[in-house]
Amino acid sequence: MFLGYKRVIGITALLGWLLLGSCGTGGEGAGGWSPLVSDIYQWLEVDLGKRTRITAVATQGRYGSSDWLTSYLLMFSDTGHNWRQHRQEDSLEAFPGNSNADTVVQYKLNQPVIARFLRLIPLDWNPTGRIGLRLEIYGCRYTSDVAYFNGSSSLLYRRSVRPSWTGMEVVSLKFKTLTNSGTLLHAEGQRDSSLTLVLEKGRLLLYHQQGVSSSSSGQLLVSVGSLLDDQHWHHVKLVRLSTHLNLTVDKNTRQVHIPAELSHWDIHQLSLGAVQSHGLQKPILSNRNFNGCLENFLYNDLNLIQLAKKKNHQVSLLGNVTFSCAEHVSVAVTFTDSQSFLQVPGLTSWSSGLFSVALQFRTWNKGGLLLTFDLPQQQGTVWLYLSEARLRLQINKAGRARLELSAGSGLNDGQWHSVELNSEQDLLSITVDKNEGATAHTRIPLPLTIDSQLFFGGCCSSQECRNPFKVFQGCMRLLTLDNQPVDLIKVQQRMLGNYSHLQIDMCGIIDRCSPSHCEHGGRCTQSWSTFHCNCSNSGYRGATCHSSRYEQSCEAYKHRGNTSGHYHIDVDGSGPIKPQLIYCNMTEDMAWMVIQHNNTELTRVHSSPERNQHISHFDYASEEEQLAAIASQSEHCEQELSYHCRKSRLLNMPEGAPFSWWVGGPGPGQVQTHWGGALPNSRQCACGLQDNCLDSNHYCNCDADYDQWANDSGLLTHKETLPVRSLVLGDVRRPGSEAAYRVGPLRCHGDKNFWNAAFFDKETSYLHFPTLHGELNADISFLFKTTSSSGVFLENLGIKDFIRIELSSASEVVFSFDVGNGPLEVRVKASVPLNDNRWHSVRAERNVKEASLRLDGFPATTQEAPADGHIHLQLNSQLFIGGTASRQKGFLGCIRSLQLNGVTLDLEERAKITPGVRPGCPGHCSSYGSLCQNQGRCEERDSGFSCNCDQSAYTGPFCHKEVSASFQSSTSITYNLKEPHELNRNSSAWPSSIYSDVTLRGENISLSFRTAQSPTLLLYVNSVYKEYLALLINNHHELEVWYKLHSGRDVEVLRSRVTDLADGRLHTVIIRRQADIVSVKVDQNTREYFNLTSDVEFNSVKSLILGKVQESGEMDEELAGLASLGFSGCLSGVFFNSISPLKAALLHPDSPVVVSGPLAQSSCASSSSPANPYAAETTHSVSDQPNSVDPGQHLVNAIRSDSALIGGVIGMMIFICVVALAIIARIICSRKETYRNQEVKAAQPEEDQELPFSSQVDSQSAPTENQKEYFI
């Protein structure tokens, strides 16, 4: 049988029988269709006689043979031209065929197809046989009412009786057209409001206009669909409800809230094909009426085309409207891949040197070859191609570019664009889009001959064609040579020219951005074969902009090591709520989210006879859905509500109705009659609850109505009543009444989702939840810790599809799933063990483009989805957490903060009723302890941890904030370690008690300073026995350390070689003494070592003094003179063993510290310090940093690195002890004098060696190893 239009009589007869009314199957037949040649260019076409509703097809192999199809394509058409390929799920092209010659394989179409012609194209067949087929088609008759509009005709429907308003109106229709713009529908109602549905550049747009004389082009409400000018039927449905409109094009629905003018609007008249308005409204598309066919136009249940056929008086026609669809036949060709080309021979008329080539194309690609041909007489080549979406013409002669022309721009927009290449005498020109486009020309002829061959779209493998550019992927139509159309049907039948890998008589372009798979406002761009999502400025990331870049709470940011500042918070992760910029106040034990509104200041209200009430409304920086989500996920929320009054009553209880109230709660809120500090519905203020109001007969201080200032203030703490949305103050009219109010920002802390955890202690235990819904996009995130080497975290099954995440080994996590294309796995192998009983984070995402898996802070591993395959994940079983339905390979350990598409699963609540699973999971310091710096101690809490800074010179949530103060010459801070009357006591409530009976054999001192004074005393420590230690700057701007550890011997002066320390810059000093060895480190300079010769014991330390020494009677004369001068400058981070005197003076006034003279806390230490990662009060966006990773992983690595060093440190300490004994022996035999130990560096102590009362390392000068890993 020849290619193309050969019909099979038996099948045609069978279909005729079906059309008589049968919708079932017929009997089996013998024989079948088998072409002479078995290749991919064969097809079987069936004419059903008229348009038919086709519901299914069934195939068999050829009877009694080895001939059958294993896969095939289906195409449909109304005219036998302009075929449309049928797709499954809008992406899968091929249909499964047979596995033998006898079995019937039936495919039911997801949606019935209405067509007259069906074409089946074999893709693959039995390799040991040939193409063979028996075909059966299932369907029923289809009837419709059709009208054709020629671009100057229209139909008008007027309602004769004014209708009563209804809550819903429905307009539905089908249309087909080759023109990309035109007015489909115009609807007018009362108050001259109108809706207009127009086709513009192949998209359907809905506009709203208001007013009879409106000259504006209208307000665009919604845009739906794309490529609708393809001469195929498209279904449109417009539904008006009381609050919104639904516009559906084919299977794509968009919803839009209607303008207020349309809330009680109904249609008075409808015009089809053009705007026919009794008003003077400006048409949306001027002079662009619809040119094409409309079918089954229904207004509610009224068929307007049927009414027009019957010449109903409510319907009037303008112009030539016919009731049949006159279709223009235009044969297109699709270039599908890199092997596609179309070869057409030249014309005999070209010998004259005059020629023209014209075509139309549409594509999404920026580049591609449109046309090429050789110039035999000039040994040259001509290329007409797209580059950067511009049309370019290049003429090459002998390998050199001779000429290049360019015209047009933005030609990859998917629209049809016309191209003309003309050569006349000495004039060569290229034109894009005729009058609306651009033309480029030059005076160079192109002599073509009858032997010239034209190649469109690409080249064949022969040497007669060369393509140095990209191949063209897209559609072409209306190819003409010298105004003579190229017969593409003859090309298809191999009767003209040559071709390869083309789809002829169809345009297979697909808009992969309509509907867009890009979420959260991501911008979709596309090429012929794929799409890309630009997530810039969206706050999301990933192939489809699905995953949020930001944390969901301040609590989460705190546990990444972040300090106070503004952060983007995405309360529902990948959910629909937008990220918001919120101030996070990180305290030592809380992470507060602070949401501001438009008036948080104390606002005064004056009496006014003109008004009865004062009303204030509060607009919050966050949107309504954001506020609701924050309140819901927070453990606690509060808001200050204060009222200051003078002869202005508040609640007026218990006598009568309240003068004042406020509105609060979600949505519009509810009226509340309690005040700050009281309970909801109590109609009281805080003093009424505490029974201490100014007047015991009232429940609020202000209700006493005294002619003096009073106030009722307190915190509102019930989340159900927050936030405060408006405030009404009623008693502000009387003469002499004065009042002021303050509504503070909404403050919330705690994240119930972040710490929601469950502990699985049996392999057979699991938690189950409803089925995961993530047909097109799904993200799963959680944290886990375990000592087991394997186990399933999560599993959900379908009939064939599934999704699973498991720990496959001690160092590998696997994310596997199947959406119908076969199982796919994404594996991430960690470089460290994952069963170390520390928290590890897992994030898996699957979308239509790819699947990804991220473990801790390591880069994500991705796996691309098949280009044309199933995309819907269809699950139906319960979701199992911590195990599987088979109770095998269960997980042992903790799972925390499990979220599916931004929604947290309540593991704790489900664990309370599930055997083998316990709610909660303690032990967070093992993972987060390294966030506590500078001697800060990690303490476990039920939900998380906190840093105890009691033994640190620093403060803040991570003991990272330096405590700094500005000193004047008269300022003095004395920290009393031993009061005189305590000499015989053995106990004290303060840390100084450790000095009562202990003789110090070492000190660990650190501080930072800034001063221009020289000489000056920085620190002085004395004892009961006239021993002392002094740290000072000498006349030469050098650092000196004075030790007098024996009252009967001279002071020993240790002088550092570092100079210029009184230069007004910040300097850091670290001093360590162990027995007779003293080390001094200044800034980043090399540590210097000294030996003491007089003594090694500092006995009965009495006090530590910063600044001016008030009592210097026991001091040496030289030192006393220096101490009397005081210190002018800045001190910061002062630490003496476990004592922080500056911190005690500024933050703990109840400690044994005495302050005299002016002392002011300041930021003088950090103002010019090196870059500080904790710079607060700024806007942070950690996730936006390039190549940023999750600090949680660094945190785990940091702890692990400490653990790895333990063995080495122990061994080093043993070595140090041996060395120390040798040093002591040497010193005993050495001279008793102070000297710089330049020769005994082998005897220097290790920097990390523990001292008697502190193990602090060089926290001032350099971060620890953990800090370096985390904060770099």
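Each value, and the rule that gives it
Residues numbered from 1 in each chain as written. Predicted model: local features only at pLDDT ≥ 70, side-chain atom pairs only at ≥ 80, totals over all residues. Heavy atoms only, no water. Helix = DSSP H or I, 4+ residues; strand = E, 2+ residues; numbered from the N terminus. Buried < 20%, exposed > 50% of the residue type's maximum accessible area, 1.4 Å probe, protein only. Contact = heavy atoms within 4.5 Å. Salt bridge = Lys/Arg side-chain N within 4 Å of Asp/Glu carboxyl O. Disulfide = S-S within 2.5 Å. Core = buried A, V, L, I, M, F, W, Y, C linked by side-chain atoms within 4.5 Å. UniProt positions renumbered as here; feature names shortened; annotations may be inferred.

**Student:** How do you make sense of the overall build of the protein chain when you look at a structure like this?
**Tutor:** Within the protein chain one finds twelve helices and 86 strands. Residues classed as buried in the protein chain amount to 55% of the 1272 residues present. Here the analysis covers contacts within the protein chain between residues at least 6 apart in sequence; of these, 70% occur between residues at least 24 apart.

**Student:** Please explain the pattern of salt bridges as it appears in this structure.
**Tutor:** Pairs can form between side chains of opposite charge once their charged atoms are near each other. Under the defined criterion, the tally for this structure stands at 36 salt bridges. One salt bridge connects glutamate 812 with arginine 827, and the closest N-O pair in it is separated by 2.9 Å. Of this pair, glutamate 812 sits in strand β58 (residues 812-818) while arginine 827 sits in strand β59 (residues 824-829), and the two are 15 residues apart along the sequence. By relative accessible area, which is 15% here, glutamate 812 ends up buried. Here arginine 827 makes a salt bridge to glutamate 825, at a shortest N to O gap of 3.1 Å.

**Student:** What am I meant to see in the state of the cysteines here?
**Tutor:** Think of a disulfide as a covalent bridge from one cysteine sulfur atom to another cysteine sulfur atom. All told, the structure shown has 14 disulfides when counted by the stated rule. Covalent S-S linkage joins cysteine 293 and cysteine 325, the inter-sulfur distance amounting to 2.0 Å. Across the S-S bond linking cysteine 293 and cysteine 325, the dihedral sits near 95 degrees, which makes this disulfide right-handed. In this pair, cysteine 293 sits in strand β18 (residues 291-299) while cysteine 325 sits in the loop between β21 (321-322) and β22 (332-335), placing the two residues 32 residues apart along the sequence.

**Student:** Just to check I follow, could you spell out the nonpolar core for this structure?
**Tutor:** Inside soluble globular proteins, nonpolar side chains tend to come together where they are buried. Judged by nonpolar contacts, the single largest core of 47 residues is most densely connected at Leu342, Phe373, Phe456 and Met476. Counting residues in each nonpolar core, the second largest holds 46 residues, with Tyr550, Cys584, Leu627 and Val724 among its members.

**Student:** Looking at this structure, I do not really get the UniProt feature "domain: EGF-like" (unreviewed entry) in the protein chain. What am I missing?
**Tutor:** In the numbering used here, UniProt assigns the feature "domain: EGF-like" (unreviewed entry) to residues 509-546 and 922-960. Segment residues 509-546 splits into 0% helix and 26% strand. End C-alpha atoms: 26 Å apart. Each end of residues 922-960 is marked by a C-alpha atom, and these two atoms are 25 Å apart; helix forms 10% of the span and strand 31%.

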